[in-house]
Amino acid sequence: MFSKTPQLAQYHGVVEAARRLHDEHLNVGTYHLFRLPEELEQDLHILVQGGAEELSPAVLFRDTQTALDALIAKAGSAKKEGVGPVAIGNVDNIAIHLKDIASVYAAAFSSNAQSFPYLAR
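Below, the structure is looked at part by part. Predicted, not measured: the structure shown is a model, and the values here were computed from it. (Residues numbered from 1 in each chain as written. Predicted model: local features only at pLDDT ≥ 70, side-chain atom pairs only at ≥ 80, totals over all residues. Heavy atoms only, no water.)

Scanning the protein for helices and strands turns up five helices and two strands. Secondary structure elements of the protein, listed N to C terminal, follow the sequence α-α-α-α-β-α-β. Here the protein holds 121 residues, and the buried ones make up 31% of them. Sequence separation of at least 24 residues holds for 66% of the intrachain contacts in the protein that already meet a minimum separation of 6. Of the accessible surface of the protein, which amounts to about 7,800 Å², a share of 58% is contributed by carbon and sulfur atoms. (Helix = DSSP H or I, 4+ residues; strand = E, 2+ residues; numbered from the N terminus. Buried < 20%, exposed > 50% of the residue type's maximum accessible area, 1.4 Å probe, protein only. Contact = heavy atoms within 4.5 Å. Areas by Shrake-Rupley, 256 points an atom, 1.4 Å probe, with all protein chains shown as cover.)

Structural data, given as structure tokens:
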């Protein structure tokens, strides 16, 4: 499958690389930001496909510090952290877990560790 825009191609490339890394560290049957239930993945594809260039990750997160600042802002007051696989909650309630997921990634990036927050069903 060839993407029609550079933004969409970038999105699919980043998601696939992150999906493979997370899948190597997590059990089959778990979900994470890069492997979601099919209906959510389709919604994200449509969102990215219709998105403006100024919303692309390359523009929004042009360097490591900008990306880390975005994670910290998204995490807000959440203080969840861990190394390796980190259980977050149920994938059916993903919206309420996004701050915890951002907190885990922010803590991992800040300490140069690898964390893999995951959701179950």
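Moving on, we get to the environment of D92. In this fold, D92 is placed in the loop between β1 (84–90) and α5 (94–110). A polar side-chain atom of D92 sits 3.0 Å from a polar atom in the side chain of R121. (Polar contact = N/O pair within 3.5 Å; in protein donor to acceptor, adjacent residues only side chain to side chain.)

Bringing the nonpolar core into the picture now. Proteins that are soluble and globular tend to have nonpolar side chains buried together. Within the largest apolar cluster, 15 residues are counted, with the highest numbers of intra-cluster contacts made by L71, I88, I101 and L119. Looking at this core, the elements with two or more residues in it are α4 (64–75), β1 and α5. Counting residues per element, this core draws most heavily on α5, which supplies six residues. Sequence-distant contacts of I88, defined by excluding residues within four places in its chain, comprise K80, H97, D100, I101, V104, P117, Y118 and L119. (Core = buried A, V, L, I, M, F, W, Y, C linked by side-chain atoms within 4.5 Å.)

Another aspect to go through is the pairing of β1. Relative to strand β2 (residues 115–120), β1 is paired through six bridges, and the arrangement is parallel. Bridge pairing in β2 places N90 opposite A120. Read as a crossover between parallel neighbours, the route from β1 over α5 to β2 is right-handed. (Pairing = 2+ DSSP bridges. Right-handed = clockwise from strand over helix to strand, strands pointing away.)

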